[in-house]
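Fold and geometry: a report
Listed below, chain by chain, are the residues.
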Amino acid sequence: MSQSFSAIKSLAEEISSEFVADRYPHTLEEDLLFVVGWQFLFQKITKFSVVFHDSLLPKYRGFAPTVTALINGEPQIGVTALSPTAGIDVGPIVGQLSAPIDYPIKIKAALELQAALMVSLAARIYSDWINGSFITNEQDHSLATYSIWRDGSDYEIDWSQSSSAILRMIDAVGFPYSGARTSIKGHVLTVEDASEVKDLKFEIRQPGKIWAIEKGRPVVVCGSGLLKLNECRGPDGSPYDFRQLRVRLGRVI
């Protein structure tokens, strides 16, 4: 039993709400059904079935759309409610809400913002359903973009990128994800927090090299820009102590 499942069950008990655990729930045609985090096939989709997706469709259909949007530096994020269909996030849109964001922003803060948007959107959809004004609109499929699934390799820092791009990536894959990774002298480090510092003009730029150590925090050369690593953890989860200057950070092997 997952922690999320247990938390939802506990919340239902706390507010004296009916809680039914069923992989194949029976629904009536006139019922409004919100589908959140569902991992099983539906035997039947009703007219008022609603799925939530954490992007502004038709952009970022697919997997981990919020992570991809933050890495890309999108100026806003949002959520979409849609009618489920056989395709990947291609169904008619029931409603959308968005919010502007500023960088840097951690993934946890972005997900919390989207959660609040989902609550507001669900309330609006419920009101429309009660009032008989529940409607859907087809997506413009010509504007569709996709976010592909991510694996361990996608958590590795590429120091040849700009400092701003690397910082967005570090913030986008932090908690509750497993965190951005790099290697130092054969050890894997997880970078949990970083910040950009004023760049220098290097005659020969060599990304990944540590340029300076400021109060135990290394300043690393990027493809463009410099990045100070404010918080790193070693393989055992303990804070990593940077003591050696002439070290190059690299890809995880």
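Look a little higher up for the structure.
Residue numbers here run from 1 along each chain, matching the order of that chain's written sequence. For a predicted model such as this one, the threshold for reporting local features is a pLDDT of at least 70, and the threshold for listing and counting side-chain atom pairs is 80 or more; totals across whole chains, interfaces and linings nevertheless cover every residue. With hydrogens and water excluded, all non-hydrogen atoms of the structure serve as input to the side-chain values.

This part covers helix α2 (residues 65–72). Classification of residues uses two cut-offs on accessible area relative to the type maximum, computed with a 1.4 Å probe and protein chains only: under 20% is buried, over 50% is exposed, and between them is partly exposed. Numbering of helices and strands runs from the N terminus, with a helix taken as a DSSP run of H or I at least four residues long and a strand as a DSSP run of E at least two residues long. Among the eight residues of α2, six are classified as buried, and the element is accordingly described as predominantly covered. Of all the positions in α2, only Pro65, Thr66, Val67, Thr68, Ala69 and Leu70 are classed as buried. Taken together, the buried residues of α2 touch β2 (49–53), β3 (61–62), β4 (76–82), α3 (107–130), β6 (146–147) and α4 (163–172). Once α2 finishes, glycine 73 follows within two positions and takes phi at roughly 75°, a positive value. Any pair of residues with heavy atoms lying within 4.5 Å of one another is described as a contacting pair.

Throughout, an axis means a line fitted to C-alpha atoms (over the contacting stretch in the case of helices), and angles, computed between N-to-C directions, take values from 0 to 180 degrees. Their axes nearest at 8 Å, the elements α2 and α4 cross at an angle of 160°. Between α2 and α4, the interaxial angle falls into the category roughly antiparallel. The way α2 lies across α4 gives a crossing that is right-handed. Note on element contacts: α4 touches α2 through Arg168, Met169 and Ala172, opposite Val67, Leu70, Ile71 and Asn72. Residues of the contact of α2 with α4, tallied by class, amount to five nonpolar, one polar and one charged. Angles are sorted into four bins: roughly parallel if under 35 degrees, roughly antiparallel if over 145, roughly perpendicular if 65 to 115, and oblique for all others. Crossing handedness is read from the near helix: turned anticlockwise from the far helix by less than a right angle, it gives a left-handed crossing, and turned clockwise, a right-handed one. Under the convention adopted here, Pro, Cys and the residues Ala, Val, Leu, Ile, Met, Phe, Trp and Tyr are nonpolar, Asp, Glu, Lys and Arg are charged, and Gly plus all remaining residues are polar.

We now examine the sheet that holds strand β5 (residues 93–100). Taken together, the four strands give an open sheet; going across it, the order is β1-β2-β4-β5, and neighbouring strands pair in mixed fashion. Each end of this open sheet is capped by a strand with a single partner; those strands are β1 (33–35) and β5. Along the sheet, successive strands turn relative to each other by an average axial angle of 20°, direction set aside. Whether two strands pair depends on DSSP finding at least two bridges between them. Two strands pair when backbone bridges link them, and β4 and β5 are joined in this way by seven bridges, in the antiparallel orientation. Residue pairing for β5: leucine 82 is matched across the bridge by isoleucine 93.

The next thing to look at is the nonpolar core. In terms of nonpolar packing, the biggest core is built from 30 residues, with Leu70, Ile157, Trp159, Ile170, Leu227 and Leu229 touching the most fellow members. Counting only elements with at least two residues in this core, the list comes to α2, α3, α4, β7 (180–184), β8 (187–197) and β11 (226–233). Aside from chain neighbours lying at most four places away, what touches tryptophan 159 is Ile166, Thr182, Pro207, Gly208, Val220, Val221, Cys222, Gly223, Leu227, Leu229, Leu249 and Gly250. Here, nonpolar core refers to any group of buried Ala, Val, Leu, Ile, Met, Phe, Trp, Tyr and Cys residues whose side-chain atoms link them within 4.5 Å. Membership of the second largest hydrophobic core comes to 13 residues, among which are Phe48, Ala81, Ala99 and Leu121.

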